[in-house]
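# Coordinates in review
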Amino acid sequence: MGKKVCLITDKRCPQRMVIGWVFLIALNLSPSLPKKRTTPIMYKHSLLLGFGFQLLYCLPPAFGAPQPSPEKPNVIVIIADDLGYGDVGCLSGGKVKTPNIDRLAQSGVKFTSGYVTAPLCGPSRAGFLTGRYQQRFGFRNNRGGIPTEHPLLPGVLHEAGYYTGLLGKWHSSGPMPHERGCFDETLCSHISGPFIDYYRPKLARNGKTEVYHEYSTDLFAREAEDFIERNKNKPFALTIAFNAPHILRVEKPAEQIRAEWDKANHEGKVLDIPKIPTARSGESQKYAAQYPGDSARADTVATIEALDQAVGRIIDKLQQVHLNKNTMIFLFADNGGHPENRSENLPLRDYKWELYEGGIRVPFLATYPGVFPEGFTYAAPVSTLDIFPTVTALCGVTPPDNLDGVNLTPYLKGQNNELPHNELYFSMHDKKGPHAIRANNWKLVMDSNGGSYLFDLSKDLGEKNNLGTSHPTRVQELTAKLKAWSAQMPIGDAGK
Ligand SMILES: [Ca+2]
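Computed from a prediction, not measured in an experiment: that's the story for all the values here. (Residues numbered from 1 in each chain as written. Predicted model: local features only at pLDDT ≥ 70, side-chain atom pairs only at ≥ 80, totals over all residues.)

### Quick notes on the overall build of the protein chain
The following threshold applies: Helix and strand assignments follow DSSP, with helices taken as H or I runs no shorter than four residues and strands as E runs no shorter than two, numbered in order from the N terminus. In this description, any two residues whose backbone-derived C-beta atoms lie within 7 Å of each other are considered to be in contact.
Regarding its fold elements, the protein chain presents 13 helices and 16 strands. Pairs at least 24 apart in sequence give 63% of the contacts found in the protein chain among residues at least 6 apart.

### Brief notes about the sheet that holds strand 1 (residues 74-81)
Note the threshold: Pairing between two strands requires that DSSP report at least two bridges joining them. For helices, the fitted axis covers only the stretch in contact; all axes are lines through C-alpha atoms, and the angles between them, taken along N-to-C directions, range from 0 to 180 degrees.
Pairing within the open sheet is mixed, and its 10 strands lie in the order 7-6-5-4-8-1-9-10-2-11. Each edge of the sheet is formed by a strand with only one pairing partner; in this case those strands are strand 7 (208-211) and strand 11 (376-378). Going across the sheet, the axis of each strand differs from the next one's by a mean of 15°, ignoring polarity.

### Considering the environment of serine 107
We count it as follows: For the exposure call, what matters is how many other C-beta atoms sit within 10 Å of a residue's own: 20 or more marks it buried, 12 or fewer exposed, and in between partly exposed, using C-beta atoms placed from the backbone.
Turning to its location among the elements, serine 107 is positioned in helix 4 (residues 99-107). A tally of 19 C-beta atoms within 10 Å means that serine 107 is categorised as partly exposed. Sequence separation between serine 107 and glycine 375 is 268 residues, and the spatial gap between their C-alpha atoms is 5.5 Å. Contact partners of serine 107, with chain neighbours within four places excluded, come to Thr367, Pro369 and Glu374.

### Here we look at the sheet that holds strand 13 (residues 424-430)
One open sheet accounts for four strands, arranged 13-14-15-16; its pairing is antiparallel. Two strands close off the open sheet at either side, each with one partner strand: strand 13 and strand 16 (452-456). Adjacent strand axes in the sheet meet at a mean angle of 10°, parallel and antiparallel pairs treated alike. Note that strand 15 (residues 442-446) and strand 16 share five bridges and pair antiparallel. When the sheet's bridge partners are listed, tryptophan 442 is paired in strand 16 with aspartate 456. In this fold helix 13 (residues 472-487) packs onto strand 13, strand 14 (433-439), strand 15 and strand 16, with an angle of close to 65° to the strand it touches most, strand 15.

### Concerning the packing of helix 4 against helix 9 (residues 295-320)
Operational definition: Throughout, the term roughly parallel applies to angles under 35 degrees, roughly antiparallel to angles over 145, roughly perpendicular to angles from 65 to 115, and oblique to all others. The classification used treats Ala, Val, Leu, Ile, Met, Phe, Trp, Tyr, Cys and Pro as nonpolar, Asp, Glu, Lys and Arg as charged, and all other residues, Gly among them, as polar.
Where helix 4 contacts helix 9, the two axes come as close as 7 Å, and the packing angle between them is 50°. Taken as axis vectors, helix 4 and helix 9 run oblique relative to one another. Residues Pro99, Asn100, Ile101 and Arg103 of helix 4 form the contact with helix 9, whose own contacting residues are Asp308, Gln309, Val311, Gly312 and Ile315. In terms of residue class, the contact of helix 4 with helix 9 is made up of four nonpolar, three polar and two charged.

### Describing unusual backbone geometry
With the exception of glycine, most residues fall at negative phi, and the peptide bonds are largely trans. Residue proline 245 follows alanine 244 across a cis peptide bond; omega there is -5°. In this structure, proline 245 sits in strand 8 (residues 236-245). The omega torsion across leucine 346 and proline 347 is 15°, close enough to zero to call that bond cis. In this structure, proline 347 sits in the loop between strand 9 (327-333) and helix 10 (357-360). Non-glycine residue aspartate 82 carries a positive phi angle of around 60°. Under the C-beta neighbour-count criterion, aspartate 82 is labelled buried, with 26 such atoms within 10 Å.

### As for the confidence of the model for the protein chain
This is how it is decided: pLDDT: the predictor's confidence for each residue, scored from 0 to 100.
Of all residues in the protein chain, 85% have pLDDT values of 70 or greater, and the mean over the chain is 87. Counting contacts from residues 46-70, a segment whose pLDDT is below 50, to residues more than four positions away or on other chains yields 38 contacts.

### What to know about helix 7 (residues 216-230)
Which entries qualify depends on this criterion: Here the expected span of a helix is defined as 1.5 Å times the quantity of residues minus one.
Given a rise of 1.5 Å per residue, 15 residues ought to cover 21 Å, and the 21 Å separating the end C-alpha atoms of helix 7 matches this to within 8%. Listed as buried for helix 7 are Ser216, Thr217, Leu219, Phe220, Ala221, Glu223, Ala224, Phe227 and Ile228.

### Observations concerning the environment of arginine 180
Structurally, the position occupied by arginine 180 is in the loop between strand 4 (163-168) and strand 5 (185-188). When the 19 C-beta atoms within 10 Å are taken as the criterion, arginine 180 is described as partly exposed. Separated by 32 residues in the primary sequence, arginine 180 and threonine 148 place their C-alpha atoms 7.0 Å from one another.

### Details of the nonpolar core
As a reminder of what qualifies: Only buried residues count toward a nonpolar core: Ala, Val, Leu, Ile, Met, Phe, Trp, Tyr and Cys, linked into one set through C-beta atoms within 7 Å. Marked domain ranges trace back to an automatic or database domain assignment.
Residues Ala224, Ile240, Phe242, Leu331 and Leu444 are the most contacted members of the largest nonpolar core, which totals 113 residues. Both domains that furnish three or more residues to this core are identified here as domain 2 (74-412) and domain 3 (424-487). Not counting residues within four places of it along the chain, the set of residues in contact with leucine 444 comprises Ala436, Ile437, Ser452, Leu454, Val475, Leu478, Thr479 and Leu482.

### With respect to the packing of helix 7 against helix 9
Look at helix 7 against helix 9: their axes get within 9 Å of each other, and the N-to-C directions meet at 10°. The pairing of helix 7 with helix 9 is recorded here as roughly parallel in orientation. When helix 7 is examined against helix 9, the residues Thr217, Asp218, Phe220, Ala221, Ala224, Glu225 and Ile228 are found in contact with a partner set consisting of Ala306, Leu307, Ala310, Arg313, Ile314, Lys317 and Leu318. Each residue belonging to the contact of helix 7 with helix 9 can be placed in one class, and the counts come to nine nonpolar, one polar and four charged.

### What to know about the pairing of strand 6 (residues 202-205)
Of the pairings in the sheet, the one linking strand 5 to strand 6 comprises two bridges and is antiparallel in character. Looking across to strand 6, one finds that cysteine 188 is bridged to alanine 204. Inspection of the sheet shows strand 6 paired to strand 7 by four bridges, in the antiparallel sense. Its bridge partner being in strand 7, arginine 205 is matched across the sheet by lysine 208. Count of turn residues in the strand 6/strand 7 antiparallel hairpin: two residues, of which asparagine 206 carries a positive phi of about 50°.

### Description of the pairing of strand 4
Counting buried residues along strand 4, six of its six residues qualify, which places the element largely inside the surrounding structure. Of the strand pairs in this sheet, strand 4 and strand 8 are connected by six bridges, and their pairing is parallel. Looking at the pairing, glycine 168 lines up with alanine 241 of strand 8. In this structure, strand 4 lies alongside strand 5, joined through four bridges in parallel fashion. Each residue of the ladder has a partner; that of leucine 167, found in strand 5, is leucine 187.

Rendered as structure tokens:
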């Protein structure tokens with residue numbers, strides 16, 4: 001975007017001209033300047049002063065009054081934690097009420113095939129932050145980290161003059177966010193404890209530990225509002241990584257819960273999981289009747305309601321300071337839902353930690369008024385890898401030349417009708433897998449034992465019918481692609 005200079009043609013200048021002339025008239029009518037003392041020379045001086053006042057007001061910021069409108073668009077990225085594909089209204093047919101998250105879909109784009117790069121927190125966030133498959137630097141499980149030589153999106157924006165902030169969950173080993181030169185301010189979880197307590201969040205503000213007595217979702221919403229207010233006159237980029245609706249703690253081992261959940265699901269029963277509540281005190285009761293015998297689900301839906309309200313506060317704040325049209329917002333979940341926290345992935349198969357769709361296909365929305373289409377559903381596969389190049393292109397910032405994502409804007413504007421990605425790749429743990437590849441409508445999942453499962457997602461979104469036997473050539477083709485991709489990747493955890 002070009003630099004705005006307020007000249008006489010600028011719509012703001014007429015008001016300023018009026019102010020200048022009022023100043024001029026007031027000067028001439030002032031009691032301190034009796035008419036008999038207002039000589040032609042003084043009149044000329046006051047006239048010049050009046051014009052000078054106007055000129056000063058109509059010059060760019062460096063020469064006159066500060067200009068409230070930033071020249072570059074602002075960037076807000078909202079990350080939810082373990083929010084399932086079926087946990088938002090706009091993807092669940094309204095089963096869960098998320099009117100504020102749905103506002104983003106109404107004003108922008110809803111990706112119905114939006115993928116993260118991993119079905120778990122740390123690696124998924126690393127993929128978004130770097131715009132690269134995190135396997136390239138060995139970040140394969142939650143113990144890994146991002147080596148400092150890999151640029152992060154907030155860091156690239158920071159170098160380009162953006163004021164950058166991070167709120168919420170940080171899940172990468174190595175240097176803390178405030179030590180990476182990417183953020184002007186941070187209020188985030190510690191490396192040693194990515195879990196954030198909902199009721200007494202212990203956080204690091206620019207590296208210094210502070211304990212709060214405020215419901216964490218409300219805390220991050222309040223901090224986001226404050227960040228926007230303080231930085232409304234300059235380009236900013238804010239990442240808000242909510243810890244909702246992720247579990248706080250469960251009272252049974254995850255494996256046991258998952259086995260019980262699978263059994264109950266198979267038998268058509270409801271499973272009530274004992275867990276420490278994550279909703280605001282007493283709010284689960286609002287959903288008790290909707291989810292009888294399932295207090296965990298009632299609690300999680302109330303937790304999602306609070307998350308949705310927080311998103312609404314951020315949108316409202318942007319409108320209040322008149323930045324809603326000059327701000328792009330991306331929202332996604334870092335991975336699919338898990339039985340532990342009773343988030344819902346239906347109609348997708350399986351959960352967090354799995355490479356079936358329920359683990360990696362997530363709620364993913366983007367809005368940028370006047371640039372992205374409004375109320376638009378985009379069904380081709382996209383990735384959170386794409387946020388980095390999309391944002392830098394829209395901000396006029398040069399990205400690193402080795403990104404795995406693509407700029408989505410031409411696709412969203414209908415200027416490019418091809419697929420943004422011919423293939424998207426996924427892998428866990430090590431080179432033995434499991435692995436998965438999404439290629440157009442086809443999906444191949446390879447487990448750690450060498451078994452492979454082929455699905456046509458255009459006809460089988462729930463991945464129930466393995467077509468491997470009837471399509472051996474397709475299996476062969478996708479297996480070869482997966483192996484070639486995997487061969488590029490080192491193994492092990494980096495950044496520790
Ligand atoms: Ca997560």
